[in-house]
Amino acid sequence: MGRVIAIANQKGGVGKTTTTINLSACLAEKGMKVLVIDVDPQGNTTSGLGIDKDNLENTVYQLLLDECTVEKCMYESVVNNLFVLPSDVDLAGAEIELIGIEEKEYILNKQVKLIREFFDYIIIDCPPSLNMLTVNAMTAADSVLVPIQCEYYALEGLSQLIHTINLVKQRLNEKLEIEGVVFTMYDARTNLSLQVVENVRKNLEQNIYNAIIPRNVRLAEAPSHGLPISMYDAKSAGAEAYRDLAEEILKQDGHGEPEVSELSGRMDMEQEDKKAEKNTKNAKSEKNEKAEKKKRFKRK
């Protein structure tokens, strides 16, 4: 029976959709049969996997309102072994239309139960808010993967997200766990990215993946072509990073040993280089300070 992973963070622009598209594509490349469920009304995951969201007969919206079956809502993506339950802007009205419906938090869960045995992984892309769509995703999921941007406000709202996950676990889905945290938009040129990573690793009591997703031009370009990064530019740093993440998840689930990528090695070296550079600057500063003191003493 397949594992269901919701990718959630109520902060926008942290890489949820990018992670959904590229993680699912990398898992499919590894021979896994993967289903992506897009519950974000923006529908960017849908278009990012090569599906025209403006010409769809059935979407997750119709599925939640019980106007179609899950089979009629499923589409093939541009990646072999990867299927999509798509979304469009109509989904924004679903929360209002579900008012008064009994057990509305379990609607998606009931649909997922019908098909999860046919897939190795089901990845759910959540909207950037803690609304009924996100609660539906968490109720259907086994775990929640949280992307965190390597920026100053990285941890803002994370405690609220963890609180929501715990509430869903207590009241709606007792098997729900936090899958882990993955860092996104890492910029090796700045000290800030390194400081955020080190700070979160020290203070967060959750599983933190070793794979770190870099800020990468090719990664940003890929969705406009309706392709995951592994098809748009397979040798880019972004593609390597998402392969690393897929490898870690597969290893965690007992699907084999992950390979050590060049990117992870480069990032370790960058961290060591920055520490060495800092130590050198400090040593030079102390040396200059001593020399200045000697000059002052001689003048006196």
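For the structure, see preceding data.
Let me sum up the structure you'll find in this document. (Residues numbered from 1 in each chain as written. Predicted model: local features only at pLDDT ≥ 70, side-chain atom pairs only at ≥ 80, totals over all residues. Heavy atoms only, no water.)

1. Notes on helix H5 (residues 107-115)
Stated formally: Accessible area is worked out with a 1.4 Å probe on protein chains only. A residue is then buried under 20% of its type maximum, exposed over 50%, and partly exposed in between. Only DSSP runs of H or I reaching four residues or more are called helices, and only runs of E reaching two or more are called strands; each is numbered from the N terminus. Should any heavy atoms of two residues lie within 4.5 Å, those residues are counted as being in contact.
Buried residues of H5: Ile107, Leu108, Asn109, Gln111, Val112 and Ile115, and no others. Contacts from the buried residues of H5 go to strand E1 (3-7), strand E2 (34-38), helix H3 (60-64), strand E5 (121-125) and helix H6 (132-140).

2. Overview of the side chain of Asp142
The line we're drawing: Residues adjacent in sequence count toward polar contacts only when both atoms are side-chain atoms; beyond that, a polar contact is any pair of N or O atoms within 3.5 Å, and within protein one must be able to donate a hydrogen and the other to accept it.
Position of Asp142 relative to the elements: it lies in the loop between H6 and strand E6 (143-149). According to the relative accessible area criterion, Asp142 is buried, its value standing at 15%. Separated by 2.8 Å, the side chains of Asp142 and Arg116 make a polar contact. Apart from residues no more than four positions distant in its own chain, Asp142 is found in contact with Gly2, Arg3, Val4, Arg116, Lys175, Leu176 and Glu177.

3. Let's talk about the layout of surface pockets
Where empty space is left can be seen by rolling a probe of water-molecule size over the atoms. Selection criterion: The distinction between a cavity and a pocket rests on a 1 Å grid over the protein atoms alone: a 1.4 Å probe fits inside a cavity but cannot get out, while a pocket stays open yet meets protein on both sides within 12 Å along at least five of seven lines, and a residue with an atom within 4 Å of a point counts as lining. Grid points are joined across faces, edges and corners, and a volume is the space filled by probe spheres set on the points. Residue classes follow a fixed rule: Ala, Val, Leu, Ile, Met, Phe, Trp, Tyr, Cys and Pro count as nonpolar, while Asp, Glu, Lys and Arg count as charged, and any other residue, Gly among them, counts as polar.
Size it by volume and the largest pocket reaches roughly 480 Å³. Of all the secondary structure elements, the ones that give two or more residues to the lining of the largest pocket are helix H1 (16-29), strand E7 (177-186), strand E8 (208-214) and helix H9 (217-221). Among the elements that line the lining of the largest pocket, the one with the most residues is H1, at five residues. Here the residues of the lining of the largest pocket are counted per class, giving 16 nonpolar, ten polar and four charged.

4. Describing the sheet that holds E7
Selection rule: Two strands are counted as paired when DSSP detects at least two bridges linking them. Fitting a line to C-alpha atoms yields each axis, with helices limited to the stretch in contact; the angle taken between N-to-C directions then spans 0 to 180 degrees.
Here we have eight strands laid out as an open sheet, ordered E3-E4-E2-E5-E1-E6-E7-E8, and mixed in their pairing. With one partner strand each, in any of the chains shown, strand E3 (75-76) and E8 form the two edges of the open sheet. The pairing of E7 with E8 spans three bridges and is classified as parallel. Each bridged residue has a counterpart across the sheet, and for Tyr186 the counterpart in E8 is Pro214. Packed onto the sheet, H5 meets E1, E2 and E5 and runs at close to 165 degrees relative to E2. Together, E1, E5, E7 and E8 form the strand contacts of helix H11 (residues 237-252), whose direction differs from that of E8 by roughly 165 degrees.

5. So, the pairing of E7
One face of the sheet, then the other: side chains in a regular strand alternate in exactly this way. Just so we agree on the cut-off: Crossovers are marked right-handed if the path from the first strand over the helix to the second runs clockwise, as seen with the strands pointing away from the viewer.
Burial analysis of E7 places eight of its ten residues in the buried class, which makes it a mostly covered element. Bridge analysis of E6 against E7 gives seven bridges, and the strand direction is parallel. The residue of E7 that forms the bridge with Ser143 is Glu177. The β-α-β motif built from E6, the intervening helix H7 (residues 158-171) and the parallel element E7 has right-handed crossover chirality.

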